[in-house]
Amino acid sequence: MEEAASSEAFFCLQKLSITDDSKDDYQYEEVPADDEFSLQEDDEDLSKALQTIQDQAEDAQILALQSVLTSEKSVSEIPEAMDDFFCNFLVRLGMSRTLDCFQTEWYELVQRGMFTAKDVGLVPTVYTRNQQLEAENMRLRKDLENYKLAANKAKEAFLKMQKERDFHRMHHKRVVQEKNKLICDIKRLKAHYASYEPVLKQLTEKYQTTLRQKMLTSLERDRAVGQVTGLQATLQNLESRCAIQIPVTKAGHNCQRKKGLEGPTQKALQEAKQQKILDAESSSYDPVKDAEKEIGKRYPKVCSILSSCSVSNPKYTLKLIILFFLRDSEFPVDTQVNPYLVHATEYTQPLKSGEYKLSNTLKVHDLAVNCLALHPQKDIVVTGSNDHLWKMWALPDGNIIMTGKGHTDWLSGCCFHPSGSQLVTSSGDTTVQIWDCSKRGCILTLEGHAHAVWDCSWHSCGDFVASASMDNTSKVWDVNSERCRYTMCGHKDSVNSIEFLPFSSTVLTSSADKTLSLWDARTGLRVYTFYGHLHSCNHATFNMKGDTIASCDSSGMMKFWDIRKLVPILSVDAGPHPANQVVFDHSGRIVALASSDGSLKVLQLEVRQLSSLRGHGGEVHSVIFNPRAEQLISAGADGTVCLWTRGPAAPCLT
């Protein structure tokens, strides 16, 4: 018992009580729970740890009761004999030989009758009790270890909960700060929105004012038309007055004095009367001057033209004023016959692979050349570059003829007048300029696009110019009246190219929205839209017959479309590099493609054979055929123009 007591003195259980932190007087605000910082389901919390300790204690009590009941039942019902005690003792110590000797000698003495019943009795109760206490001591030690582990876990859980409490407290403070910030932002936005109402009222008033001004403008336009009609009537009256002299008669007595009988007083009175009549006549209504004054207010350019003409004849002045209002060009009818159809049937020899060879390379600009235009009658080519200049060259030597300077940004497109006397250019400075080759200068600048202009084209009649812009629109300009006749809206992205169908009022556009569109230039309305490209369409063109369209996109894909059936008829992959321009030859059987991989792609439509021509040191931006496809001209980012001449066909090996 003393040994058991001394052994138990080394172990003790300490009861810890977890109380609320009385020093924590933090005032929490009610904030909705945020799932972002919630604990995971697998994490252990304090309540779960306490519940685990309680369950372990209950299990230990149940096991203790069972062991006590079992020990009492075994002691009372099955007492241990002395020999069994010694055998168990020796077995526990591992003394097997001693055990054998003991059992031999013990049973031998029992057989001889040397031991009495008192000597072979039961083991005293104190030894059994000591064994039970020792077993219970061992069990208590195990329980103590378990309690220590549970206490350590509870301590760790407690520290973890403290850290989580501090973390959630900081999160709570941050949420409160964000809430206060949002409240301030909401108040500021409410005040900002409150200021919108007077602005909206002001805009509404401006809108109403603009509508009224529009109505007044319409009324002024109608009045101007009426004034023109009145001017025409006045012109007729002036012509009639010049033709017929109306006699002037005076009513009353015919009092005449002889010329020699008038005195100085009568002469002075007569001169004053005549001067008064002259002043009245000079201050009378002059319709020509009033018309010039009215038009000068609205159209200063016309007034300057009239003043520069120094016309003294009122009849001619009125005719100029009337012609100003009636000088818009008329679109030709679409019943004209395309004269190029005759040339399209002349060249029938199919092109074989390798027939085009590089014959000459001209260094024409310091920067990239973006566009080419071939003179309709002479061997002259125009190039437009990123250096803001266009240059005119003679072929095939490359002698420079003329340089045009006037744009403030890169040139994107150029096209000759059907007669070859004028040139139209488009630029990144949002303008389209018309140049007179004989005057060697710009004669007209067309402004109206909001962004860079990508391409331009002349109508076959020479009175209209079409332009395509990055502002998603294309425009038809009247060269004679110097104004925009129609703005064609419908594309959802930049319009990259534009072209008139030869001897027709049909316009073809290609756009970065992956579509092609046909337009009626007489009305500015879209006729049809072609869908099929998967990337931005960079260029589209007609063949000379006008029955096929070729288009290319930024993935190098070429597509051919039947205008009569409005369906695609062929797709050719020349990628993966972007295709910048595609062009037909005059026969319509050969197609050339300018590619960004630095090569020209030549496609024979009859045999569908694609070949490559290399000669540029960078991207190829533009390509054109000369008449009868005897020569191919290309321009690239290296500032050069390459001339490709068609040579004899390669012999066939059999």
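Structure shown above.
On a predicted model such as this, the values are computed, not experimentally measured, just so you know.

Caption draft 1: Representation of the overall build of the protein within the structure. A count of helical and extended segments in the protein gives 10 helices and 28 strands. For the protein, the residues scored as buried account for 37% of the 654 residues in total. Within the protein, contacts between residues separated by at least 24 positions form 50% of all contacts whose residues are at least 6 apart in sequence. A total accessible area of about 41200 Å² is found for the protein, and carbon and sulfur atoms account for 55% of it.

Caption draft 2: Highlighting the sheet that holds strand 10 (residues 453-458). Strand order in the open sheet formed by four strands is 10-11-12-13, with antiparallel pairing between adjacent strands. The open sheet terminates on both sides in strands that have one partner only, identified here as strand 10 and strand 13 (483-489). In this sheet, adjacent strand axes meet at a mean angle of 20° when their direction is disregarded. Bridging between strand 10 and strand 11 (residues 464-469) involves five bridges; their strand directions are antiparallel. By the bridge assignment for strand 11, V453 is matched with S469.

Caption draft 3: Focus on unusual backbone geometry. Going from L395 to P396, the amide bond is cis rather than trans, its omega being 5°. Of note, P396 is situated in the loop between strand 4 (389-394) and strand 5 (399-405). Here the residue pair G575 and P576 is connected by a cis peptide bond, since its omega of 10° sits within 30 degrees of zero. If you trace the backbone, P576 turns up in the loop between strand 21 (567-573) and strand 22 (579-584). A positive phi angle, near 70°, is found at N472, a position not held by glycine. Relative to the elements of secondary structure, N472 occurs in the loop between strand 11 and strand 12 (473-478). Note on N472: relative accessible area 25%, which makes it partly exposed. Here the phi dihedral of K514 falls at roughly 75°; this positive angle occurs in a residue that is not glycine. Assignment of secondary structure puts K514 in the loop between strand 15 (506-511) and strand 16 (515-520).

Caption draft 4: Representation of the environment of C437 within the structure. By the element assignment, C437 lies in the loop between strand 8 (431-436) and strand 9 (441-447). Note on C437: relative accessible area 16%, which makes it buried. Spatially, the C-alpha atom of C437 lies 8.3 Å from that of G420, the residues being 17 residues apart in sequence. Setting aside residues up to four positions removed in sequence, C437 forms contacts with M392, M402, F416, G420, S421 and Q422.

Caption draft 5: Main features of the packing of aromatic side chains. As enumerated under the stated definition, the model contains eight aromatic pairs in all. For the pair W390 and W435, a centre-to-centre distance of 5.4 Å together with 75° between the ring planes defines the contact as edge-to-face. In this pair, W390 is assigned in strand 4 and W435 in strand 8, connecting sequence segments 45 residues apart. Here the two residues W390 and W435 agree in accessibility, since each one is buried. Look at F530 and W561: their rings are 5.3 Å apart centre to centre, the planes differ by 55°, and that puts the pair in the tilted class. Of the two residues, F530 is situated in strand 17 (residues 525-531) and W561 in strand 20 (residues 557-562); the sequence distance between them amounts to 31 residues. Exposure remark for F530: the relative accessible area of 2% places this residue in the buried category. Through successive ring pairs, a cluster of aromatic residues spans Y528, F530 and W561.

Caption draft 6: View of the pairing of strand 8. Of all six residues making up strand 8, six are buried, and the element is well covered by its neighbours. Burial along strand 8 is two-sided: T431, Q433 and W435 facing one way and V432, I434 and D436 facing the other are all buried. Relative to strand 8, strand 7 (residues 422-427) is paired through five bridges, and the arrangement is antiparallel. The residue of strand 8 that forms the bridge with L423 is W435. From the end of strand 7 to the start of strand 8, which pair antiparallel, there are three residues, and T430 there has a positive phi angle of about 70°. Inspection of the sheet shows strand 8 paired to strand 9 by six bridges, in the antiparallel sense. Across the sheet, residue W435 finds its bridge partner in strand 9, namely C442.

Caption draft 7: Expanded view of the pattern of salt bridges. Scanning the model with the defined rule gives 14 salt bridges in all. Residue R485 is joined to D478 by a salt bridge in which the shortest nitrogen-to-oxygen separation is 2.7 Å. Taking relative accessible area as the criterion, D478 reaches 0% and is therefore assigned buried.

Caption draft 8: Examining the sheet that holds strand 9 more closely. Reading across the sheet, the four strands line up as 6-7-8-9 and stay open at both edges, with antiparallel pairing between neighbours. Each end of this open sheet is capped by a strand with a single partner; those strands are strand 6 (411-416) and strand 9. Taken over all neighbouring pairs, the strand axes of this sheet differ in orientation by 20° on average, direction set aside. Direction of pairing for strand 6 relative to strand 7: antiparallel, over a ladder of five bridges.

Thresholds applied
- Residues numbered from 1 in each chain as written.
- Predicted model: local features only at pLDDT ≥ 70, side-chain atom pairs only at ≥ 80, totals over all residues.
- Heavy atoms only, no water.
- Helix = DSSP H or I, 4+ residues; strand = E, 2+ residues; numbered from the N terminus.
- Buried < 20%, exposed > 50% of the residue type's maximum accessible area, 1.4 Å probe, protein only.
- Contact = heavy atoms within 4.5 Å.
- Areas by Shrake-Rupley, 256 points an atom, 1.4 Å probe, with all protein chains shown as cover.
- Pairing = 2+ DSSP bridges.
- Axes fitted to C-alpha atoms, helices over the stretch in contact; angles between N-to-C directions.
- Phe/Tyr/Trp six-rings, centres within 6.5 Å; stacked < 30°, edge-to-face > 60°.
- Salt bridge = Lys/Arg side-chain N within 4 Å of Asp/Glu carboxyl O.

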